Amino acid sequence: DFAYQCAVQDLLDIKQGREYSYLNAKGKTVRRLLDSSDQLFQQIKYLHLAQAVEIIVAKAKELGPKSKGEGGGSKDEQSLDDLQNRLKSFADKSKAAAEVQDHTTMAQELFAKIKALGLKAVVMQEQIFAT
C-alpha cells in the first residue's frame, strides 16, 4: 500500500511501532515519535505517498526560502532533494521545521526502498490484473 503510514510501517525500521530514527547531517541520531504529538504525521498519515510528499514540500516552503532543484530523477525525488538542502540551512529548529526535516528524510528513504525493491512495477502490475 502506498498510503504514507502503511509505507512507513512496512518499509522503514520503526521501533515499537512508532519510533523512527536516523543520523542527521551532523552524525547525530534523531528520533521521531510517530504519534499524536507529530502534527505533520497526523495530517499526512492516511494520504497516498505522492500527496504526502506534496504537503511536506509545501510545509517546507512555508518555513524557508525557495531554491531551485537540480539533477535528475523523478519530480518527487528532485523536490525532496531540494527540500533536504533547504532544511539544512534552517538556523531555527522549530518544532514544525523538525517535523518537516524528519518526514523529508523518511520520504527520501521510502522512495529509495520503493525503487530498490521494484515496488512501483509490482503495484502497476496489480492494477493491470485488477482491471
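Rules used throughout
Residues numbered from 1 in each chain as written. Predicted model: local features only at pLDDT ≥ 70, side-chain atom pairs only at ≥ 80, totals over all residues. Heavy atoms only, no water. Salt bridge = Lys/Arg side-chain N within 4 Å of Asp/Glu carboxyl O. Buried < 20%, exposed > 50% of the residue type's maximum accessible area, 1.4 Å probe, protein only. Phe/Tyr/Trp six-rings, centres within 6.5 Å; stacked < 30°, edge-to-face > 60°. Helix = DSSP H or I, 4+ residues; strand = E, 2+ residues; numbered from the N terminus. Axes fitted to C-alpha atoms, helices over the stretch in contact; angles between N-to-C directions. Left-handed = near helix turned anticlockwise from the far one by under 90°. Contact = heavy atoms within 4.5 Å. Nonpolar A, V, L, I, M, F, W, Y, C, P; charged D, E, K, R; others polar. Core = buried A, V, L, I, M, F, W, Y, C linked by side-chain atoms within 4.5 Å. Pairing = 2+ DSSP bridges.

Visitor: What should I look at first to understand the pattern of salt bridges in this one?
Guide: Pairing is possible between side chains that carry opposite charge, provided their charged atoms lie close to one another. All chains considered together, the criterion is met by seven salt bridges. For aspartate 13, the salt bridge identified is with lysine 15, shortest N-O distance 3.1 Å. When its relative accessible area of 36% is taken as the criterion, lysine 15 is described as partly exposed. Where arginine 32 meets aspartate 38, a salt bridge forms, and the shortest distance between an N and an O atom there is 3.6 Å. No difference in accessibility class separates arginine 32 from aspartate 38, as the two residues are buried. Overlapping salt bridges bring together Arg32, Asp38 and Asp102 as one network.

Visitor: Honestly, the packing of aromatic side chains in this entry has me stumped. Any pointers?
Guide: Scanning the model with the defined rule gives two aromatic pairs in all. With a centroid separation of 6.3 Å and an interplanar angle of 55°, the aromatic rings of tyrosine 4 and phenylalanine 41 are classed as tilted. One end of the pair, tyrosine 4, is in helix 1 (residues 4-11); the other, phenylalanine 41, is in helix 2 (residues 39-44), with 37 residues separating them in the sequence. The two residues tyrosine 4 and phenylalanine 41 agree in class, both being buried.

Visitor: Any chance you could explain the packing of helix 3 (residues 49-63) against helix 5 (residues 95-117) here in plain terms?
Guide: Angle between the axes and distance between the axes: these two values describe a pair of packed helices. Look at helix 3 against helix 5: their axes get within 10 Å of each other, and the N-to-C directions meet at 145°. Between helix 3 and helix 5 lies a crossing whose hand is left-handed. Seen from helix 3, the contacting residues are Leu49, Val53, Ile56, Lys59, Ala60 and Leu63; seen from helix 5, they are Ala96, Ala97, Val100, His103, Thr104, Ala107, Leu110, Phe111 and Ile114. For the contact of helix 3 with helix 5, the per-class residue count stands at 12 nonpolar, two polar and one charged.

Visitor: Help me understand the nonpolar core, please; the structure alone is not making it clear to me.
Guide: Nonpolar side chains tend to gather and get buried jointly when the protein is soluble and globular. Tyr4, Val8, Ile56, Leu83 and Leu110 are the most contacted members of the largest nonpolar core, which totals 29 residues. Non-local contacts of valine 8, meaning those with residues more than four positions away in its chain, are made with Ile14, Leu34, Met106 and Leu110.

Visitor: Any chance you could explain the sheet that holds strand 2 (residues 19-23) here in plain terms?
Guide: By definition, the strands of a sheet pair up through backbone hydrogen bonds, in either a parallel or an antiparallel sense. A sheet is described by the order of its strands in space; here three strands give the open sequence 1-2-3, paired in antiparallel fashion. The open sheet is flanked by strand 1 (14-15) and strand 3 (29-33), the only strands paired with a single partner. As paired elements, strand 2 and strand 3 share five bridges and run antiparallel to each other. Bridged to leucine 23 within strand 3 is threonine 29. Its contacts with the sheet put helix 5 on strand 2 and strand 3, and the angle it makes with strand 2 is roughly 85°.

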